[in-house]
Amino acid sequence: QVQLVESGGGSVQTGGSLTLSCAATGSDFRVDVMAWYRQTQGNQRDMVATMLGLDSTISNIQTSYGDFAKGRFTISRDNAQNMVYLQMNSLKPEDTGVYYCKADVRSRSGFLEVWGQGTLVTVSS
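In what follows, the accompanying structure is described. (Residues numbered from 1 in each chain as written. Predicted model: local features only at pLDDT ≥ 70, side-chain atom pairs only at ≥ 80, totals over all residues. Heavy atoms only, no water.)

## What to know about unusual backbone geometry
Then, number 1: Here the phi dihedral of Asp28 falls at roughly 55°; this positive angle occurs in a residue that is not glycine.
Then, number 2: Its identity is not glycine, yet Ser90 carries a phi of approximately 50°, on the positive side.
Then, number 3: Using a relative accessible area of 41% as the deciding quantity, one classes Ser90 as partly exposed. (Buried < 20%, exposed > 50% of the residue type's maximum accessible area, 1.4 Å probe, protein only.)

Structure follows, in structure tokens:
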């Protein structure tokens, strides 16, 4: 069973920074994609940042960001520990929401999409 454990959420002021962490734990799996989503309004989850090609060479890793995250947020990895980070800078009140880690993993039985529990980020003005 693969699980995602998130940490790093909290409360910051406008313009502040925060780093979220997500660790994939379990046995007999390989992570191909890790991503961050957030829920800020309504019930939809918007893609914040995605990292592709984790089960590959460093040069083959590709990242993408939601429009609101470009230039402010950075996704990075610690592949040896199956961890992914989201560095958030210049935070705005509209960034407030629940941030979820998602991983696409491969196991002997096939492919799985795994979601974390979410961590709350609050940005005050």
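## Remarks on the state of the cysteines
Then, number 1: With the rule as written, the count across this model stands at one disulfide.
Then, number 2: Note that Cys22 is cross-linked by a disulfide to Cys101, the S-S spacing being 2.0 Å. The sign of the -85° torsion about the S-S bond sets the Cys22-Cys101 disulfide as left-handed. Taken together, the residues span a long stretch of sequence, with Cys22 in strand E3 (residues 18-25) and Cys101 in strand E9 (residues 97-107) at a distance of 79 residues. Assigned by exposure class, Cys22 and Cys101 land together as buried. (Disulfide = S-S within 2.5 Å. Helix = DSSP H or I, 4+ residues; strand = E, 2+ residues; numbered from the N terminus.)

## Side note on the nonpolar core
Then, number 1: Counting residues in hydrophobic clusters, the biggest one holds 30 residues, and the most contacted among them are Met34, Trp36, Leu86, Met88 and Tyr99.
Then, number 2: Among the elements of the structure, E3, strand E4 (29-39), strand E5 (46-52), strand E7 (73-78), strand E8 (83-88), E9 and strand E11 (119-124) are those that each provide at least two residues to this core. (Core = buried A, V, L, I, M, F, W, Y, C linked by side-chain atoms within 4.5 Å.)

## Thoughts on the sheet that holds E8
Then, number 1: The strand order E1-E3-E8-E7 describes an open sheet built from four strands, whose pairing is antiparallel. Edge positions in the sheet fall to strand E1 (3-7) and E7, since each has one partner strand and no second. The average angle at which neighbouring strand axes cross in this sheet is 20°, direction not considered. (Pairing = 2+ DSSP bridges. Axes fitted to C-alpha atoms, helices over the stretch in contact; angles between N-to-C directions.)

## Comments concerning the environment of Gly10
Then, number 1: Note that Gly10 resides in strand E2 (residues 10-13).
Then, number 2: Overall, Gly10 belongs to the partly exposed group, its relative accessible area being 24%.
Then, number 3: Sequence spacing of Gly10 and Gln62 is 52 residues, and the spatial spacing of their C-alpha atoms is 28 Å.
Then, number 4: Each residue touching Gly10, except ones within four places of it in the same chain, is listed here: Leu18, Leu120, Val121 and Thr122. (Contact = heavy atoms within 4.5 Å.)

## Comments concerning the environment of Gly71
Then, number 1: Relative to the elements of secondary structure, Gly71 occurs in the loop between strand E6 (62-65) and E7.
Then, number 2: On the basis of relative accessible area, Gly71 is assigned to the exposed category, the value being 83%.
Then, number 3: Gly71 sits 30 residues away from Gln41 along the chain, and the two C-alpha atoms are 22 Å apart.

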